[in-house]
Amino acid sequence: MGNHNQNGHAWGLIPLIVFIGIFLGSGIITKDFTFMPLNIAAMVGVITALMLKPKEKFTQKVEVFAKKAGHPNIVLMMLIFILAGAFSKTAEAMGGVTSIVNLGLSLIPQNFLIVGIFLICMFISISMGTSVGTVAAIAPVGFGISEATDIPAALAMATVVGGAMFGDNLSMISDTTIAAVRTQHTRMSDKFKVNFRIVLPGAIVTVFILWLLTFNSQIDTSHTYEFNFLKVIPYLIVLILAILGVNVILVLLGGILLSGIIGFINQDFDLAGFLKAASEGIIAMEDIAIIALLIGGMIGLVDYYGGVTWILNFVKNRIRSRRGAEFGIAGLVSVADISTANNTISIIMTGPLAKDISDEYNIDPRKSASILDIFGSAFQGFVPYSPQLIAAAGVAGISPVMLLPYSIYPIVLAVSGILAIVFNFPKLKTQKIKR
């Protein structure tokens, strides 16, 4: 670590403040949140980070940036992005997106379309264990439904993100769940039971709000919505493989392969067409993959300068009671997630400190693991520079900021977490966990 002060340094947060300030500030000033490209804002943040602490060797700072940008979580996320891009483009080129949208429009009542999208995303992400993969795969379907109806694209995209965050928070194979369980020394199934009881009411409330918002939605009746069931199969296979717990990389590769085979059978494209579609999908996701890399490296430097340590200590030093300790853990992971835009990394960062706090104030590890995961996931669905919001907004060609007013589930998720702390819910019998 470059920071030898145990308390950290507030000035270490400067690159993050510059990045968020430029991105949101230029949008507020110009009233156009697409004015400042996110990759440019991230690049300015990186340059700011590299220019800080001028006495330190520049090559050393570049090395820290490169090491943190190449964190396994970030590289895996980039791989998921480009595979999901290839899958959605090949599925689209062979008519899969149109078919599944039309199937939905034909079978699901109009005022349940958005609720249906939310439930499908919940199902896929809890099975696949990745909100990023879910958003990248299902966002084109959500956008297709918004185009065929009078449902705003921002609402459809935010609903996809909300459903994806539900699964990311609960899935047994989600890296956030694994990180939360490991750092708190509890069992996966125990954390799931506690977490599920906290978030289920929130999911039900979200379904009701989405139904109210789209109760009067109208389908464009000037079109006939024809679908070919064969072309829906890649999405069904992705769903089934995800439910069976197959690794997300294999799930997406299977989807690409199947889309190609069905496209060949129906003569939707030849080999050149298939390769072109896959390539276009990868290229479409390159920008967001690079943004993830830039933000990861920038946060690495913020951490190196002691900015993250300063935030963690700032929160920890204000804890006075058990309920305060639970709020402290929630605050720690929330601030870390707002800072890093990566819920897994924020849980890994704050987990050991959360464990110390929960031991000191006698908090059940199932509860502390749930709090970590809930508040990490909630803010991930609500910061406009998170990969999930950027990916969803990118599909619809709108600014991530436009999704925020419709980010219903992430807000409800945070409220559910707050209520669980205030009312000490659920009541847990003490259990001794042997390590």
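- Under an unreviewed UniProt entry, the name given to the protein is Na+/H+ antiporter NhaC family protein, and the source organism is Staphylococcus canis.
- Recorded under Sequence similarities (unreviewed entry), the UniProt text for the protein is reproduced unchanged: "Belongs to the NhaC Na(+)/H(+) (TC 2.A.35) antiporter family."
- Per UniProt, the comment on the protein under Subcellular location (unreviewed entry) is "Cell membrane".

## Observations regarding a nonpolar patch on the surface
Then, number 1: Among the surface-exposed residues, Phe327, Phe382, Ile411, Val415, Ile418, Leu419, Val422, Phe423 and Phe425 lie close enough to one another that they form a single nonpolar patch of about 730 Å² accessible area.
Then, number 2: The residue Ile418 is located in helix 19 (residues 408-422) in this model.
Then, number 3: Classification of Ile418 by relative accessible area gives partly exposed; the value is 37%.

## Considerations on the packing of helix 4 (residues 72-93) against helix 12 (residues 248-265)
Then, number 1: Taken N-terminus to C-terminus, the directions of helix 4 and helix 12 make an angle of 20°; their axes are 9 Å apart at the nearest point. Here helix 4 is positioned roughly parallel relative to helix 12, judged by the angle of their axes. In terms of crossing hand, the pair formed by helix 4 and helix 12 is left-handed. Contacts between helix 4 and helix 12 pair Leu76, Leu79, Ile80, Leu83, Ala84, Ala86, Phe87, Thr90 and Ala91 from the former with Val248, Ile249, Leu252, Leu253, Gly255, Ile256 and Ser259 from the latter.
Then, number 2: Its residues assigned to classes, the contact of helix 4 with helix 12 comprises 13 nonpolar, three polar and no charged.

## Some points on unusual backbone geometry
Then, number 1: The step from Phe425 to Pro426 runs through a cis peptide bond, and the omega angle for that step is -10°.
Then, number 2: Along the chain, the position of Pro426 falls in the segment after helix 19.
Then, number 3: Of note in this structure, Asn362 is not a glycine but carries a positive phi near 60°.
Then, number 4: If you trace the backbone, Asn362 turns up in the loop between helix 16 (343-360) and helix 17 (365-380).
Then, number 5: Here the phi dihedral of Asn424 falls at roughly 50°; this positive angle occurs in a residue that is not glycine.
Then, number 6: With respect to the helices, strands and loops of the structure, Asn424 is situated in the segment after helix 19.
Then, number 7: Assessed through its relative accessible area of 28%, Asn424 is described here as partly exposed.

## Some thoughts on the layout of surface pockets
Regions of empty space are outlined by a rolling probe, equal in size to a water molecule, passed over the atoms.
Then, number 1: The computed volume of the largest pocket comes to approximately 870 Å³.
Then, number 2: Around the largest pocket sit 39 residues that line it, and Ala391, Ala393, Gly394, Val395 and Gly397 are the ones nearest its centre.
Then, number 3: Looking at the lining of the largest pocket, the elements that each hand over two or more residues are helix 2 (38-51), helix 4, helix 5 (96-107), helix 7 (131-148), helix 13 (271-304) and helix 18 (387-396).
Then, number 4: In terms of residues, the lining of the largest pocket owes the most to one element, helix 13, which gives six residues.
Then, number 5: Of the residues that constitute the lining of the largest pocket, the class distribution is 22 nonpolar, 13 polar and four charged.

## What to know about helix 13
Then, number 1: The terminal C-alpha atoms of helix 13 lie 48 Å apart, and with 34 residues this matches the ideal 50 Å at 1.5 Å per residue to within 8%.
Then, number 2: A maximum bend of about 35° is found in helix 13 at Glu286.
Then, number 3: Where helix 13 terminates, the next one or two residues include Gly306, which has phi positive at roughly 90°.

## Looking at the nonpolar core
Then, number 1: Core analysis: the largest hydrophobic core is formed by 135 residues, its most contacted members being Phe19, Phe87, Val135, Met157, Tyr235, Leu301 and Leu403.
Then, number 2: Sequence-distant contacts of Phe19, defined by excluding residues within four places in its chain, comprise Leu38, Ala41, Ala42, Gly45, Ile295, Met298 and Tyr385.

## Quick notes on the pattern of salt bridges
Then, number 1: Counting across every chain of the model gives nine salt bridges.
Then, number 2: A salt bridge links Asp373 to Lys191, with the nearest nitrogen and oxygen atoms 2.7 Å apart. Of this pair, Asp373 sits in helix 17 while Lys191 sits in helix 10 (residues 188-213), and the two are 182 residues apart along the sequence.
Then, number 3: Judged by relative accessible area, which is 1%, Lys191 ranks as buried.
Then, number 4: Residue Lys355 is joined to Asp359 by a salt bridge in which the shortest nitrogen-to-oxygen separation is 3.1 Å. Linking Lys355 with Asp359, this pair stays in helix 16, spanning four residues, or about one helical turn.
Then, number 5: With a relative accessible area of 15%, Lys355 lands in the buried category.

## Observations regarding the packing of helix 9 (residues 175-184) against helix 17
Then, number 1: It is the contact of helix 9 with helix 17, at a shortest axis distance of 9 Å, that shows an interaxial angle of 145°. As helix 9 runs across helix 17, the sense of the crossing is right-handed. Counted together, Thr176, Thr177, Ala180, Val181, Thr183 and Gln184 of helix 9 and Pro365, Ser368, Ala369, Leu372 and Asp373 of helix 17 form the full contact between these two elements.
Then, number 2: Classifying every residue of the contact of helix 9 with helix 17 by side-chain character gives five nonpolar, five polar and one charged.

Thresholds, definitions, all that
Residues numbered from 1 in each chain as written. Predicted model: local features only at pLDDT ≥ 70, side-chain atom pairs only at ≥ 80, totals over all residues. Heavy atoms only, no water. UniProt positions renumbered as here; feature names shortened; annotations may be inferred. Patch = residues over 30% accessible without salt bridge, like charges linked within 9 Å, V, L, I, M, F, W, Y side chains within 5 Å. Areas by Shrake-Rupley, 256 points an atom, 1.4 Å probe, with all protein chains shown as cover. Salt bridge = Lys/Arg side-chain N within 4 Å of Asp/Glu carboxyl O. Helix = DSSP H or I, 4+ residues; strand = E, 2+ residues; numbered from the N terminus. Buried < 20%, exposed > 50% of the residue type's maximum accessible area, 1.4 Å probe, protein only. Axes fitted to C-alpha atoms, helices over the stretch in contact; angles between N-to-C directions. Parallel < 35°, antiparallel > 145°, perpendicular 65-115°, else oblique. Left-handed = near helix turned anticlockwise from the far one by under 90°. Contact = heavy atoms within 4.5 Å. Nonpolar A, V, L, I, M, F, W, Y, C, P; charged D, E, K, R; others polar. 1 Å grid on protein atoms, 1.4 Å probe; cavity = no way out; pocket = protein on both sides within 12 Å on 5 of 7 lines; lining within 4 Å. Points joined across faces, edges and corners; volume = space filled by probe spheres on them. Expected span 1.5 Å × (residues − 1). Bend = angle between axes of the 7 residues up to and from the residue. Core = buried A, V, L, I, M, F, W, Y, C linked by side-chain atoms within 4.5 Å.

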